[in-house]
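One-letter residues, chain by chain:
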Amino acid sequence: MRMIPSPVRRAARFVLGERGYDALRRRYMQYLQRRAAKDPRYQASVERMLPLKGRHTGERCFIIGNGPSLKDTD
């Protein structure tokens, strides 16, 4: 997901107010979800993960991720 630059967020909050900004952000997130749902790569990914849904309900989980900020680590 693309992040909106901080000065733009601040300006939008100032102009729209907190409630208006939150409403706009919710609509934008819904738009991104609908757009992603039409992408065949997203649909294929969901189909691969669907059998795993609920498989480990109630068990402890550790999520380990690596991203650009951790690029230089082992």
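What counts, and at which threshold
- Residues numbered from 1 in each chain as written.
- Predicted model: local features only at pLDDT ≥ 70, side-chain atom pairs only at ≥ 80, totals over all residues.
- Heavy atoms only, no water.
- Helix = DSSP H or I, 4+ residues; strand = E, 2+ residues; numbered from the N terminus.
- Buried < 20%, exposed > 50% of the residue type's maximum accessible area, 1.4 Å probe, protein only.
- Areas by Shrake-Rupley, 256 points an atom, 1.4 Å probe, with all protein chains shown as cover.
- Salt bridge = Lys/Arg side-chain N within 4 Å of Asp/Glu carboxyl O.
- Patch = residues over 30% accessible without salt bridge, like charges linked within 9 Å, V, L, I, M, F, W, Y side chains within 5 Å.
- Expected span 1.5 Å × (residues − 1).
- Bend = angle between axes of the 7 residues up to and from the residue.

1. Remarks on the overall build of the chain
Thought 1: Within the chain, the regular secondary structure consists of two helices and zero strands.
Thought 2: Out of the 74 residues belonging to the chain, those deemed buried represent 5%.
Thought 3: When the accessible area of the chain is evaluated, it comes to approximately 7500 Å², of which 57% is carbon and sulfur surface.

2. Focus: the pattern of salt bridges
Thought 1: Counting across every chain of the model gives two salt bridges.
Thought 2: Asp39 is the partner of Arg41 in a salt bridge, and the nearest nitrogen-oxygen pair spans 2.9 Å.
Thought 3: In this structure Asp39 comes out as partly exposed when scored by relative accessible area, which is 23%.

3. Quick notes on a nonpolar patch on the surface
Thought 1: A cluster of nonpolar side chains, namely Phe14, Val15, Leu16 and Leu24, defines an oily patch on the protein surface of about 460 Å² accessible area.
Thought 2: Within the secondary structure, Leu24 sits in helix H1 (residues 6–37).
Thought 3: Here Leu24 falls in the partly exposed class, since its relative accessible area comes to 39%.

4. Topic: H1
Thought 1: Over its 32 residues, H1 extends only 27 Å from the first C-alpha to the last, a length that falls short of the 46 Å expected when each residue adds 1.5 Å.
Thought 2: Remark: the principal bend of H1, roughly 115°, maps to Gly17.
Thought 3: Within H1 the residues assigned to the buried category are Ala12, Tyr21, Ala23 and Leu32.

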